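Listed here are the chains, written in short residue letters.
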Amino acid sequence: DTGKPSEVLGAGPSINGQNDQLRTTIVAVHDAHTAILSAPAQSNSSNADVSWGTDQRPALQAAIDAAAVAGGGTVFIPAGCYRISELLKISASDIRLTGDGDASEIYMGYVYTFSEGGPTNQGDGLPDLYIGSREKAISNIEVDHLRFTNAGVAIHNAVNGDGLITVLNGSMVNNYKLHDLTVGTSSRCGITQAAISSGFQIYNNTISGGLHGFYIAGSGTNGYVHGNHLINTSVLHDQYNSAGMAIKNQTNGSFVGNTVDGYYYGLLVSTYPNRGLTIDSNTLTNSHLALAINFATNLSLTNNIIDTATSTGIWIQSVASVDHVRILGNTIRNVNGYGIYLVQGQGVISDIDVKSNTLTNCVSGVQFYLIGGTNNISENVVQALGVNPGLAFRIRPLSGAQTSFANNVSAGYNSLYIAPGVNQQNNDLH
């Protein structure tokens with residue numbers, strides 16, 4: 001290791017109360033536990049993350065570029081830890097980057113220090129991999145069976161959407177697959193889809209830490225995100241609005257069978273129009289707002305399990321129109337607020353079907369307030385067992401809306417409100 005570059009987090013110069021990374025080299029190895037560095041620490045740092053060794057980025061990038069020149073191919077990364085100091089790029093079609101699973105680790109050792117656009121000197125670990133080109137469209141990219149990690153401490157910058165793996169904003173990347181990956185970061189998102197993209201698949205990945213697990217944006221069509229496990233182990237706090245999955249500007253996308261634990265939002269569908277999404281059979285635990293929607297049309301929320309939320313299970317409050325939503329067969333429990341909460345915001349919410357959901361130990365059951373169009377609320381079971389209950393149902397649609405409230409059951413609540421004009425049939429409410 002003599003002569004190799006080394007970085008020590010928090011041991012560099014202190015600027016505005018934040019300690020930068022010490023960037024130096026190893027000049028001698030004293031013993032198996034002690035190395036002599038060419039530069040002294042400029043700040044006290046204990047239990048710090050340290051990286052050292054040969055920069056493997058040139059060799060890895062050369063292999064990727066050689067496959068591109070050949071018109072496509074597979075780059076296989078054998079077991080080992082590959083330290084890089086600059087991100088890797090895939091910018092040609094028909095490239096596969098693969099390895100021996102967790103045993104093949106790509107580790108970004110360099111830490112970027114903000115100088116503008118965010119807090120100064122927060123030690124943000126750089127991304128590992130960019131996919132895409134702003135000069136040409138590419139397709140048929142596959143990245144699988146690798147581990148991606150980076151140095152860096154948690155930053156407090158809520159606009160940082162770059163993932164450790166990022167499908168590049170401003171590029172067009174079609175028919176790509178990211179699967180069977182392990183991604184661990186304390187500061188960035190895990191995986192970001194920011195390209196104009198059709199037919200992408202993101203599946204069987206394990207993401208830990210970071211701002212968001214997945215940031216699915218750009219302009220995506222026919223994306224399929226399934227079987228992923230996302231867990232927030234970072235120190236990013238609630239005020240930074242971390243999301244297991246942040247979903248924006250997607251058309252005909254499917255988000256199925258994912259497990260999301262510990263984020264402020266489990267799944268967040270927001271900001272830009274989302275059309276024809278299916279969110280099915282996901283398990284969302286230990287969130288603030290488990291499943292949050294504010295801009296969507298033709299949306300299906302079906303068969304999801306929501307367990308333990310400090311505020312709301314399913315939350316829909318429009319920043320623009322939200323319409324033709326099916327909320328069917330979900331299991332929602334242990335929520336310190338409403339199990340299902342629909343309230344008109346800046347845009348109209350209309351044409352909603354809330355059917356066959358089971359809510360257990362939610363402080364309040366279903367809030368359905370100022371909803372327009374033709375609506376159905378039927379066959380839902382709302383039960384309070386050992387919680388201090390609020391309202392079982394509060395159903396007050398917009399004037400002129402056609403709303404049916406039929407075959408619902410509530411137990412353990414002592415109050416509810418059903419507005420005049422709602423068509424009620426065969427409800428068993430206690």
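Everything below is about the structure printed above this text.
Residues numbered from 1 in each chain as written. Predicted model: local features only at pLDDT ≥ 70, side-chain atom pairs only at ≥ 80, totals over all residues. Heavy atoms only, no water.

1. Some points on the nonpolar core
Worth spelling out the cut-off: By nonpolar core we mean a set of buried residues, namely Ala, Val, Leu, Ile, Met, Phe, Trp, Tyr and Cys, connected to one another through side-chain atoms within 4.5 Å. Here's how the labels work: a residue is buried when its accessible area is under 20% of the maximum for its type, exposed when over 50%, partly exposed in between, all with a 1.4 Å probe on protein chains only. By definition in these notes, contact holds between two residues if any of their heavy atoms fall within 4.5 Å.
Among the nonpolar cores identified, the biggest contains 87 residues, and I131, V143, F148, L178 and I327 are the most heavily contacted of them. Once residues within four sequence positions are removed from consideration, I131 is found in contact with I90, I138, I141, V143, I165, T166, V167, L168, S171, V173 and L178.

2. A look at the pattern of salt bridges
So the rule is basically this: Criterion for a salt bridge: a side-chain nitrogen of Lys or Arg within 4 Å of a carboxyl oxygen of Asp or Glu. Strands are runs of DSSP state E lasting at least two residues, helices are runs of H or I lasting at least four, and both sets are numbered from the N terminus onward.
Applying the stated rule across the entire model yields 5 salt bridges. The partner of E7 in a salt bridge is R83, and the shortest N-O contact between them spans 2.2 Å. A residue pair is termed long-range when its members are at least 10 positions apart, and E7 in strand 1 (residues 5–8) and R83 in strand 8 (residues 80–84) qualify at 76 residues.

3. Looking at the pairing of strand 4 (residues 22–31)
Put simply, the rule reads: At least two DSSP bridges between two strands are needed for those strands to be called paired.
When strand 1 meets strand 4, the two strands line up antiparallel, connected through 4 bridges. By the bridge assignment, P5 is partnered in strand 4 with T25. Across 4 bridges, the pairing between strand 4 and strand 5 (residues 34–37) is antiparallel. Paired with V29 across the bridge in strand 5 is A35. The loop that links strand 4 with its antiparallel partner strand 5 comprises 2 residues.

4. Describing the packing of aromatic side chains
Basically, it comes down to this: Between rings of Phe, Tyr and Trp, where Trp is taken as its six-membered ring, a pair exists when centres lie within 6.5 Å; planes separated by under 30 degrees are stacked, by over 60 edge-to-face, and by other angles tilted. Consider the ring centre and the ring normal. A charge sits over the ring if Lys NZ or Arg CZ is within 6 Å of that centre and within 35 degrees of that normal.
Evaluated as defined, the whole model comprises 4 aromatic pairs. Seen in terms of ring centroids, Y264 and Y265 are 4.9 Å apart; in terms of plane orientation they differ by 75°. Their pairing is edge-to-face. Note on Y338 and Y341: the rings are 5.8 Å apart at their centroids and 50° apart in plane angle, and the pair reads as tilted. Residue placement shows R394 over the ring face of Y369; its charged tip is 4.6 Å from the ring centre.

5. Here we look at the pairing of strand 18 (residues 163–167)
Counted residue by residue, strand 18 has 5 buried out of 5 residues, so it is predominantly covered. Where strand 14 (residues 129–131) and strand 18 come together, 3 bridges link them in parallel fashion. Following the sheet pairing, L129 is matched in strand 18 by I165. Summarising the sheet, strand 18 and strand 22 (residues 189–193) pair through 4 bridges and their orientation is parallel. Paired with G163 across the two strands is C189, which belongs to strand 22.

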